[in-house]
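Topology and contacts: notes
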Amino acid sequence: MMKKKYFINANIIDPHNNISEIGGLIIGEDGKIEGVGKKVNKNNIPSREKVIDLKENYIFPGIVDMRVFVGEPGYEYKENFRTLSNAALSGGVTSVVTMPNTDPIIDNVSIVDFLKRRGRDKSKINIFPTASLTKGTEGTNMTEFGLLQSKGIIAFTDGIRTIQNTRVMSRIMNSAKDLGSLIMQHAEDQELAENGMINDGIISTKLGLQGIPEIAELIIIERDLTLLEEYNCRYHISQISSGKAVEIIKDRKDKVRFSCGVSINNLSLNENDIGDFRTFLKLSPPLRTEDDRLSLVQGLNDGTIDVIVSDHKPEDEEQKRLTFAQAATGATGIETLLSLSLELYHNGSVKLEKIIAALTSNPAKILKINKGNLSVGNDADFCIVDINKPWIVKQENLVSKSKNTSIENKRLQGKVTNTYVKGQELYNI
Amino acid sequence: MATKTKAIKISQKHLLGIQDLSINDVNLILKEAEKFIELNKSKNKKLDLLKGKTQINLFFEPSTRTQSSFELAGKRLGADVMSMNITNSAIKKGETLIDTAMTLNAMHPDIIVIRHQDSGACNLLSQKVNCAVLNAGDGRREHPTQALLDALTILNRKKKIQGLKVAICGDILHSRVARSNIYLLNMLGAEVNIVAPSNLLPKDIEKFGVNIFSNMKKGVKDCDIVMMLRLQNERMSSSFLSSNREYYEYYGLTQDKLEYAKSDSIIMHPGPMNRGIEIDTKLADDTNMSVVKEQVELGVAIRMACLKIFCE
């Protein structure tokens, strides 16, 4: 049993409980939260207890990252549960939703047992695995949502692939409605996006790279939201990339219930950052124009977008030291997710509470998990953040097994100094 | 003749694309090339300007004219030229471009000429080797020596480029030749018309300062130069066009469409030609109008100039 812990004089932000104030946090011997907020201060803590004064540094609930790729099973050389959880902890992330695009693909009950066991034994953070929507992510036969759910699968997605067939999608939604399953769609028409590498526009024309038109995203979103009116299930769009998608979603949210995410890459970068064929910025969905980025920021501000994800996709160097066409898609980002998100706060684009909600309480609510909050009685999963601390992203300092960051050499402001899971300090700077 | 002019130097270490060149660079290359035109017609074509230098041709895509043109250019300048046969090389065994680059770099070449099916392959190579890299075509991005030889051909015939009207017609989407020519002709003061079906236009091409036409007669009207592009069927995975027959009807260069261009207009084509698809076979062979053979001839001179300049 661990010792009781007292933190005082912290800037506490807990969107779930509407807390944004200077106060304290008490962690019980069982690793649960016993007290939180302004009522916790030096005066009501027994004087013989050791108290940690955080000097107005921030406490946020542990981040819930809804889109993370882990290499286990099949691609352990890119990332395993141990390296993933170390990377996550260094970024204040205490819960992750893992994608099913492993080898083999997570599409049946027997592999889930293995996954849960590995996640439990090797990982220090909370792992919430998804399974694929269709067998082998082939888009034709749906997986056993009910049985998989009962084994602990939190949601269903084909991860990097989209359900292309409308009939299959309608049946998936209809089943999900019966079983209360959460469907997460990677919204990209695969025919329109075929062989595409970056945003379809002047940059793709200049670089001579096949473009991915924004319409590829819009057409799937429009289709799915139309289906959703008929087959009302729990539906989440994994990530969007264009200003037009923000418009459509904003318009449809009045009519039907669903949620939507965005990758921190699309909130922070645009297609110009690809520069001279930088393969680490080959992403899906692709980085689009600065206008698109600004619309996404606005969408986050007005609540059109619910969640920010890292879209953490580890790829070893061999898969990136190739021509742009041959290089793998994706970038790591779990350990920089919070710091890069804080850029939006520091430059005055988004309120801090809103950013933290998109990283904690909002994903938890969509997933229906009791995480991402500092409620009394809950596991003490949280991070302490020096919100002004400047640092520079360097590949060699990254914890993740793969070093394919999209923001090498970027100057960031704000760094996680300590991360706690179930009341235990598992990371400090 | 003792005018003291300061020797102008090329601004780039590599020739990756027209995009990177200044107008001084272009003029330097064109001037240098002009000197080789006569040499290439003479009996003794051999110089020793690049004696002792090693040139490696690295062609990942099949090519007849560009590869032989570069090979001949190097040999006429006295360089030791090695052409890598990719089909037999380690690349077929799974070696990556970077590893190949490292291997070749260890042999201390002075210049590497690369043709690759992926856009940006030459950029990647140039970051990994110590010698100069000449782009002989990368994906659909650039083919700088083709644009330069086209400019030299136009100069040879029209004595100027400034103020000329040029129509570039056909498969713009997949064409590196079109992109390089748009940059270069714009730089040299020509007015560029792009003529293509909408399915073969890359996104936002109008932002490159060109006029777009889907009607060929309107597009070639009053043009001094009609530049035809090859329809790149091998790069088309899905339905861009209904048929070659229909394409020829609307976008193939035929006498009736050519009537709209200036009466002294010339026809260009980077080759290889699809006769009866993008160009009428009689027009292709009409030596009064078609300068296709001249393009090939001047191509050697341009490549000699580039090899000489970038080897220095």
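These figures come from a predicted structure and were not determined experimentally.

When its secondary structure is counted, chain A shows 12 helices and 18 strands. Taken over the C-alpha trace, chain A has a radius of gyration of 21 Å; the compact-globule value for 429 residues is 22 Å, and the two agree within 12%. Here the contacts in chain A between residues at least 6 apart in sequence split such that 75% fall between residues at least 24 apart. As displayed, chain A offers around 16,400 Å² of accessible surface, 45% of which is attributable to carbon and sulfur atoms. Between the centroid of the 54 positive side chains of chain A and the centroid of its 56 negative side chains there is a distance of 5 Å.

All right, on to the sheet that holds strand E6 (residues 191-195) of chain B then. Residues and elements named next belong to chain B. An order of E7-E6-E5-E8-E9 is seen for the five strands of this open sheet, with the pairing classed as parallel. Strands with a single pairing partner mark the edges of an open sheet, and in this sheet they are strand E7 (211-213) and strand E9 (266-268). Each neighbouring strand pair of the sheet contributes to a mean axis angle of 20°, computed without reference to strand direction. Of the pairings in the sheet, the one linking strand E5 (residues 165-169) to E6 comprises five bridges and is parallel in character. What sits directly across from Ile168, in E6, is Ile194.

Our focus in this paragraph is helix H6 (residues 176-187) of chain B. Residue and element names in this part refer to chain B. The first and last C-alpha atoms of H6 sit 17 Å apart over 12 residues, in line with the 16 Å expected at 1.5 Å per residue. H6 sits mainly inside the fold: 10 of its 12 residues count as buried. Buried within H6 we find Arg176, Val177, Ala178, Arg179, Ser180, Asn181, Ile182, Tyr183, Leu184 and Leu185. One side-chain oxygen at the N-terminal end of H6 lies 3.2 Å from the backbone nitrogen of Val177; it belongs to Ser175. One or two steps after H6, the chain reaches Gly189, where phi turns positive at roughly 90°.

Grouped burial of nonpolar side chains is what soluble globular proteins tend to show. If you look at the biggest cluster of nonpolar residues, it comprises 95 residues, and the most contacted ones within it are Phe60, Ile183, Tyr235, Ile240, Ile308 and Leu338 of chain A. Per-element tally for this core: the top contributor is helix H6 (residues 215-230) of chain A, with six residues. Summarising the domain contributions, this core has at least three residues from each of domain 1 (5-59 + 379-387 + 413-428) and domain 2 (62-367) of chain A. When near neighbours in sequence (up to four residues on either side) are disregarded, Ile308 of chain A contacts Val262, Ile264, Leu267, Leu300, Leu337, Ser341, Ile355, Ala358 and Leu359 of chain A. Ile29, Ala305, Cys306 and Ile309 of chain B belong to the second-largest nonpolar core, a separate cluster that totals 66 residues.

The subject of this paragraph is the sheet that holds strand E3 (residues 111-116) of chain B. Whenever strands of a sheet pair, they do so through backbone hydrogen bonds, lying parallel or antiparallel. Residue and element names in this part refer to chain B. Taken in spatial order, the four strands of this open sheet run E2-E1-E3-E4, and their pairing is parallel. Either end of the sheet is taken by a strand with one partner, and the two such strands are strand E2 (80-85) and strand E4 (132-138). Shown here is a sheet whose adjacent strand axes are inclined to one another by a mean of 15°, direction ignored. With five bridges connecting them, E3 and E4 associate as parallel partners. Its bridge partner being in E4, Ile111 is matched across the sheet by Ala132.

Attention now goes to the environment of Cys311 of chain B. By the secondary structure assignment, Cys311 of chain B is in helix H11 (residues 292-311). In this view, Cys311 of chain B contacts Leu50, Lys53, Asp110, Ile111 and Cys306 of chain B; residues no more than four positions away in its chain are not counted.

Conventions we followed
- Residues numbered from 1 in each chain as written.
- Chains lettered and ligands numbered in written order.
- Predicted model: local features only at pLDDT ≥ 70, side-chain atom pairs only at ≥ 80, totals over all residues.
- Heavy atoms only, no water.
- Helix = DSSP H or I, 4+ residues; strand = E, 2+ residues; numbered from the N terminus.
- Rg over C-alpha atoms; globule rule 2.2 N^0.38 Å.
- Contact = heavy atoms within 4.5 Å.
- Areas by Shrake-Rupley, 256 points an atom, 1.4 Å probe, with all protein chains shown as cover.
- Lys, Arg positive; Asp, Glu negative; His and termini not counted.
- Charge placed at Lys NZ, Arg CZ, Asp CG, Glu CD.
- Pairing = 2+ DSSP bridges.
- Axes fitted to C-alpha atoms, helices over the stretch in contact; angles between N-to-C directions.
- Expected span 1.5 Å × (residues − 1).
- Buried < 20%, exposed > 50% of the residue type's maximum accessible area, 1.4 Å probe, protein only.
- Polar contact = N/O pair within 3.5 Å; in protein donor to acceptor, adjacent residues only side chain to side chain.
- Core = buried A, V, L, I, M, F, W, Y, C linked by side-chain atoms within 4.5 Å.
- Domains from an automatic or database assignment.

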